[in-house]
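# Remarks on the overall topology
Next come the chains, spelled out residue by residue.
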Amino acid sequence: MNSKEPKAINLEGRDLNYNPELEENAERLFKAPCNFVIGTTDYAIFPSCDIPEFAFIGRSNVGKSSLLNALVNQKGLARVSVTPGRTQQVNFFQLGSNIRLVDLPGYGFAKAPKNLVKSWERMSVGYLKNRINLKRLFLLIDARHGFKANDLEFMQQLDKHAINYQVVLTKLDKTNKEQIQSIISFAKEDRINHASMFPDIILTSSKKKNGIMDLRTYIYNANQ
Ligand code: GTP
Ligand code: MG
């Protein structure tokens, strides 16, 4: 993906207008220091719902922690791993004084014991159903693989519980235009089945820092 290509696509075919002023504000927001608050499996000690939260979910190894690090421009903040299933808790990060970012455990990790994977998934759904301060959930899809059965199952759960989510494609540097186009075409057709899906898809590579500014701008906008 070169730097002139679009970093977000509207599934209804609308042009997305890029507003430099919004980008500047978003950039400023993400210049604030970002710190780890707590990683826990226990709802009782989740931070209170006092400030807006933006959460990240997706299959194990999709690149959630890497994307979070790229967003706040801090390499080692959320732990990245070559072995899937690294993030096994709900991890809260405070960005400046007004926003929290939340790294959720991945779903659909085939090699981990089934009951453990189910418990991560329950934890994530438990978080999502109960966070009144959740402004937006970003659902990450690996652009090399597109929507897999377990992504679609998870999306159905989100639709059923009316939890709004926005799809973010990850690892764009590892794929090609045709593959991206086929994922977008699939999403356009399947949209009808997903009442809670936001119509813009963001295209990112944490490695090449593509689409990161766009994601920041969506977060800034959603927080207004
Ligand atoms: P779990 O916490 O295990 O569920 O994984 P995760 O979704 O947090 O993924 P993580 O960020 O740990 O990344 C998984 C692997 O993918 C690591 O080896 C990353 O270096 C790699 N990766 C993440 N994002 C990108 C990207 O944009 N491009 C490339 N090429 N690799 C990436
Ligand atoms: Mg992780």
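Summarised in this report is the structure supplied together with it. (Residues numbered from 1 in each chain as written. Chains lettered and ligands numbered in written order. Predicted model: local features only at pLDDT ≥ 70, side-chain atom pairs only at ≥ 80, totals over all residues. Heavy atoms only, no water.)

### Re the overall build of the chain
Within the chain one finds 6 helices and 8 strands. Taken from N to C terminus, the helices and strands of the chain fall in the order β-α-β-β-α-β-β-α-β-α-β-α-β-α. Over its C-alpha trace the chain gives a radius of gyration of 16 Å, about what one expects of a compact globule, namely 17 Å for 224 residues. Dimensions along the principal axes, computed over C-alpha positions, put the chain at roughly 45 × 40 × 35 Å. Counting across all 224 residues of the chain, residues that qualify as buried make up 51%. (Helix = DSSP H or I, 4+ residues; strand = E, 2+ residues; numbered from the N terminus. Rg over C-alpha atoms; globule rule 2.2 N^0.38 Å. Buried < 20%, exposed > 50% of the residue type's maximum accessible area, 1.4 Å probe, protein only.)

### Considering the packing of helix H1 (residues 20–31) against helix H6 (residues 212–222)
Where H1 contacts H6, the two axes come as close as 8 Å, and the packing angle between them is 90 degrees. Taken together, the axis directions place H1 and H6 in an arrangement best described as roughly perpendicular. Of H6, the residues touching H1 (which contributes Leu 22, Glu 23, Asn 25, Ala 26, Glu 27, Leu 29 and Phe 30) are Met 213, Arg 216, Thr 217, Ile 219, Tyr 220 and Asn 221. (Axes fitted to C-alpha atoms, helices over the stretch in contact; angles between N-to-C directions. Parallel < 35°, antiparallel > 145°, perpendicular 65-115°, else oblique. Contact = heavy atoms within 4.5 Å.)

### A short note on the pairing of strand S6 (residues 134–142)
Across the 9 residues that make up S6, a large majority, 8, are buried. Bridge analysis of strand S3 (residues 53–58) against S6 gives 6 bridges, and the strand direction is parallel. By the bridge assignment for S6, Phe 56 is matched with Phe 138. Bridging between S6 and strand S7 (residues 165–170) involves 6 bridges; their strand directions are parallel. Residue pairing for S7: Leu 139 is matched across the bridge by Val 167. (Pairing = 2+ DSSP bridges.)

### Section: the packing of helix H2 (residues 64–72) against H6
The geometry of H2 relative to H6 is characterised by a closest axis approach of 9 Å and an angle of 80 degrees between their N-to-C directions. The orientation of H2 relative to H6 falls into the category roughly perpendicular. For the pair H2 and H6, contact is made by Leu 67, Ala 70 and Leu 71 and by Ile 212, Leu 215, Arg 216 and Ile 219, respectively. Taken together, the residues of the contact of H2 with H6 sort by class into 6 nonpolar, no polar and 1 charged. (Nonpolar A, V, L, I, M, F, W, Y, C, P; charged D, E, K, R; others polar.)

### Describing the sheet that holds strand S4 (residues 90–95)
With respect to topology, 8 strands assemble into an open sheet ordered S1-S8-S7-S6-S3-S5-S4-S2, the strand pairing being mixed. Looking at strand neighbours, the two that pair on one side only are strand S1 (8–10) and strand S2 (34–40), the edges of this open sheet. On average, adjacent strands in this sheet sit at an angle of 25 degrees to one another, irrespective of strand direction. Relative to S4, S2 runs antiparallel, the two sharing 6 bridges. Note on S4: the bridge partner recorded for Ile 38 is Phe 92.

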